[in-house]
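# An overview of the molecular structure
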Amino acid sequence: MSIPGPLAGRLRLPVIAAPMFLGSGPDLVVEACRAGLVGTFPALNQRTSEGYEAWLDEISSRLSAHPSAAPFGVNLVVHTSNPRLAADLELTVRHRVPLVITSLGAAQEVVAAVHAYGGIVFHDVVNLRHARKAAAAGVDGIVAVCAGAGGHGGTLSPFALVAEIRSFYSGTIILSGAISRGEDIVAARALGADLAYIGTRFLATRESLVDAAQKQMMIEAGAADILYTPAITGVNANFMRQSLLRHGLDPDKPPQPGRLDMHEAKAWKTVWSAGQGVGTIRDIPTVAALCERLAAEYAATLERLGNDPFPAVPGASPLAAKPATSPPRKRSAAASGRR
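Residues numbered from 1 in each chain as written. Predicted model: local features only at pLDDT ≥ 70, side-chain atom pairs only at ≥ 80, totals over all residues. Heavy atoms only, no water.

### Some remarks on the packing of helix 2 (residues 49–64) against helix 3 (residues 85–94)
Worth spelling out the cut-off: Each axis is a line fitted through C-alpha atoms, taken for helices only over the stretch in contact, and angles between the N-to-C directions span 0 to 180 degrees. Here a strand is any run of E in DSSP of at least two residues, a helix any run of H or I of at least four, and the numbering for each starts at the N terminus. In what follows, roughly perpendicular refers to angles from 65 to 115 degrees, roughly parallel to angles under 35, roughly antiparallel to angles over 145, and oblique to any angle outside these ranges. The hand of a helix crossing depends on one turn: near helix anticlockwise from the far one by less than a right angle means left-handed, and clockwise means right-handed. In this analysis, two residues are considered to be in contact whenever any of their non-hydrogen atoms come within 4.5 Å of each other. When residues are grouped by polarity, Ala, Val, Leu, Ile, Met, Phe, Trp, Tyr, Cys and Pro land in nonpolar, Asp, Glu, Lys and Arg in charged, and all others, Gly among them, in polar.
With their axes 10 Å apart at the nearest point, helix 2 and helix 3 run at an angle of 20° to one another. Comparing their axes, helix 3 and helix 2 come out roughly parallel. Crossing of helix 2 against helix 3: the hand is right-handed. Every residue of helix 3 that contacts helix 2 at S49, Y52, E53 and L56 is listed here: A87, D88, L91, T92 and R94. Classifying every residue of the contact of helix 2 with helix 3 by side-chain character gives 4 nonpolar, 2 polar and 3 charged.

See below:
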């Protein structure tokens, strides 16, 4: 397992509260950090770079009163559709933000700028090709955005993507995709990820900036209600079917996708994104209460697994004592006389 220096020894749980477009703000970030999780937000949640700097000032000031709090981070969109990248990166460097999460492009110049002041960079990927590019750019961690994740999620199973990334990458791996409970955090670690990346579950908290109606829709939705489509933002992303219906759109015949424009918030405000983890959401707790719940579930799961009747000790299980046998070889059609 690999936890970068700025995070090592400072986390209560191996969890990042993911940066959620239009959902994460100072209250959510500060409360997550105070609870011992990494709180993050997208720079573009503020409509101007001046507003972004105001949030950096506020978060840093509030966390300074809690020296035991976990570090915070920001998300920078590294894409030609983001005209604020240069200005926001300059502010990020000036404020020495501990963690920068880049998406939609792995840029060596961004990594170099953050490393210059001692910060770390994680990068979102949805496939192995993007993971290799991120590793080549020198990032400290790769966020494997797997099937079921909210926003611009991928389609690959975490069993496949995490293992393939680990085969060539020794840095930090962060797993994203329908992680909502303490049990899921344990599973992410068991798969080989160092940290879990939780978005949708934190979107349904009191400190989240999204509309109350969106939070209620998340309570009522299940995994089958999540639609994966490029129609809303120009890139495949997960949205709640009920949200499309609410705005007169046919989920089975969505509009033709337009060009990607992450700087434009209209699509996300009118059509609501969520991941497949909505099926586990039954309430809207405070961030502090949710973090306590996750910690309790995490501890209970580890205890339960410690009492597993199938311990991973050779010879300790009756199953392990059975002689190894090779499965019967399949005969070809020709060998069996069949045509």
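### Remarks on helix 4 (residues 108–116)
Heads up, the condition is: Buried residues are those whose accessible area, probed at 1.4 Å on protein chains only, stays under 20% of the maximum for their type, while exposed residues exceed 50% and partly exposed ones sit between those limits. Throughout, the arc means the angular range of directions from the helix axis out to the C-beta atoms.
Within the span of helix 4, buried status applies to V110, V111 and V114. Seen from one end, helix 4 has its buried residues packed into an arc of 100°, which puts them on one side. Residues of helix 4 that are exposed and point over 90 degrees away from its buried face: Q108, E109 and A116. Looking at the packing, one finds that the buried side of helix 4 touches helix 3, strand 4 (99–103) and strand 5 (120–125). Phi turns positive one or two residues past the end of helix 4, at G118, with a value near 95°.

### Brief notes about the pairing of strand 8 (residues 195–198)
Selection rule: The pairing criterion for strands is at least two bridges between them, as found by DSSP. Whether a crossover is right-handed depends on one test, that the path from the first strand over the helix to the second runs clockwise when the strands point away from the viewer.
Neither face of strand 8 is open: one carries L195 and Y197, the other A196 and I198, and all of them are buried. Pairing of strand 1 (residues 15–17) with strand 8 involves 3 bridges; the strand directions are parallel. Within strand 8, the position partnered with I16 by the bridge is Y197. Pairing of strand 7 (residues 172–176) with strand 8, which is carried by 3 bridges, proceeds in the parallel orientation. Counterpart to I174 in the pairing with strand 8 is L195. Following the chain from strand 7 across helix 7 (residues 182–191) to the adjacent parallel strand 8, one finds a crossover that is right-handed.

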